[in-house]
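A closer look at the structure
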Amino acid sequence: MTPLRQLPAGRMARVAILDDYMGVARDLADWSRLEDRAELTFFRHAIPPERVAEELADFDAICLMRERTDLPAELLRALPNLKAIARTGRRTRTLDVDAAAELGIAVMSTSGSGDGIYATVELAWGLIIGLMRHIPEEAGAMREGAWQSRLGNALYGKTLGLVGLGKLGTRMALVAKAFGMNVIAWSPNLTAERAREGGADYVDKETLFRSADIVSLHLVLGPTTRGIVGAGDLGRMRPEAILINTARGPLVDGEALLEALQTRRIRGAGIDVYDGEPLAASHPIRKEPNALLTPHLGYSVRETFERFYAETVDNLDAWLSERPVF
């Protein structure tokens, strides 16, 4: 086992808190507990991938907010001063944990999301209702002096198709039942019995995309799920159907989705996650009027961030005290 890298004796640790887009990190935890042993730098901006090694070269520890900054093996090797990583969550696909261990970099994790555990589900329903009732357009029209310019649709009696029926998908099904909706589900490993336990009827993939009024994605991104929703699936959707993705951008063929929106092949899409984040300002999907876009807000609620940053401070405190908790 590779020994952990150590701070030089008597020197303050240099700590970078990355991707604090909204400038809330400092106020959501008691960072003062560290200030006698660490110099803290809060990064409000996303560091371009080609500049990460340069901007983080002098830091002893970095704090990650979920999967916003990629830390593959080659980047970790380019940071010889890095001694610790405090990440939020226990699963971070953008961090090469094995490479960190080989390099002697301590990796510490937070334990949970607090009362924000279902925040992504709540956002998914916000996107669904926003699209079904044209809330962004109607709100904008009200500011311009208009009144009732579009007719929306009710959820009662509609069919929700869930691609993925894990913890969040099951919660989606529970809410859908409260709205009086029918729920069907499919995923590569889902069974009819497991679907019933999760509050849905199992169908095959083609039936789900052909039958659902709303298709919502709740899968983990991996080699077998990348691009799992392709042009053929979007082509089977009803013209009045909508697609919701609050899971991971690469689950969907982005070019196929853009074409489906541009040609009005589907009614619309509610998207919170993208192939590359932050989403480029020039990305053409930003201009599509039938796309309701949010900037990866799924887990971004005060309840979750308070838990994340409080435990991050705990982890850094333990590391600085030479007793890191893994």
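A brief look at the structure comes next.

What counts, and where the lines are drawn
- Residues numbered from 1 in each chain as written.
- Predicted model: local features only at pLDDT ≥ 70, side-chain atom pairs only at ≥ 80, totals over all residues.
- Heavy atoms only, no water.
- Core = buried A, V, L, I, M, F, W, Y, C linked by side-chain atoms within 4.5 Å.
- Buried < 20%, exposed > 50% of the residue type's maximum accessible area, 1.4 Å probe, protein only.
- Helix = DSSP H or I, 4+ residues; strand = E, 2+ residues; numbered from the N terminus.
- Contact = heavy atoms within 4.5 Å.
- Expected span 1.5 Å × (residues − 1).
- Salt bridge = Lys/Arg side-chain N within 4 Å of Asp/Glu carboxyl O.
- Pairing = 2+ DSSP bridges.
- Axes fitted to C-alpha atoms, helices over the stretch in contact; angles between N-to-C directions.

1. A few points about the nonpolar core
The biggest cluster of nonpolar side chains holds 32 residues, and the ones touching the most others in it are Val 215, Leu 243 and Leu 257. For this core, the secondary structure elements donating two or more residues are β7 (182-186), α8 (205-211), β9 (214-217), α10 (254-262) and β11 (268-271). Among the elements that take part in this core, α10 stands out by supplying five residues, more than any other. Here Leu 243 is in contact with Val 215, Leu 217, Leu 234, Met 237, Val 252, Leu 257, Ile 266, Gly 268, Ala 269 and Gly 270, once residues within four sequence places are set aside. In this structure, Ile 17, Ala 61, Phe 308 and Leu 320 belong to the second largest nonpolar core, which totals 26 residues.

2. A word on helix α11 (residues 302-320)
With 19 residues, α11 should reach 27 Å at 1.5 Å per residue; the first-to-last C-alpha distance of 26 Å fits that figure. Once α11 ends, the next one or two residues include Glu 322, with phi positive near 60 degrees.

3. Observations regarding the pattern of salt bridges
Evaluated as defined, the whole model comprises 19 salt bridges. Between Arg 51 and Glu 55 there is a salt bridge, with its nearest N and O atoms 3.3 Å apart. Relative accessible area serves as the criterion here: at 34%, Arg 51 is assigned to the partly exposed category. Residues Arg 93 and Glu 67 are paired through a salt bridge, measuring 3.1 Å at the closest nitrogen-oxygen approach. Taken together, the residues Arg 93 in the loop between β4 (84-87) and α3 (97-103) and Glu 67 in the loop between β3 (61-64) and α2 (73-77) connect sequence positions 26 residues apart. The class of Glu 67 is buried, set by a relative accessible area of 16%. The structure contains a network of salt bridges with shared partners spanning Arg 33, Asp 36, Arg 37, Asp 314 and Asp 317.

4. A word on the sheet that holds strand β5 (residues 106-109)
With parallel pairing, the five strands of this open sheet are ordered in space as β2-β1-β3-β4-β5. Each edge of the open sheet is held by one strand with a lone partner, namely β2 (38-42) and β5. For this sheet, the mean inter-axis angle between neighbouring strands, taken without regard to orientation, is 20 degrees. Pairing geometry for strand β1 (residues 13-17) and β3, over three bridges, is parallel. Counterpart to Ala 16 in the pairing with β3 is Ile 62.

The analysis is restricted to geometry; functional conclusions fall outside its scope.
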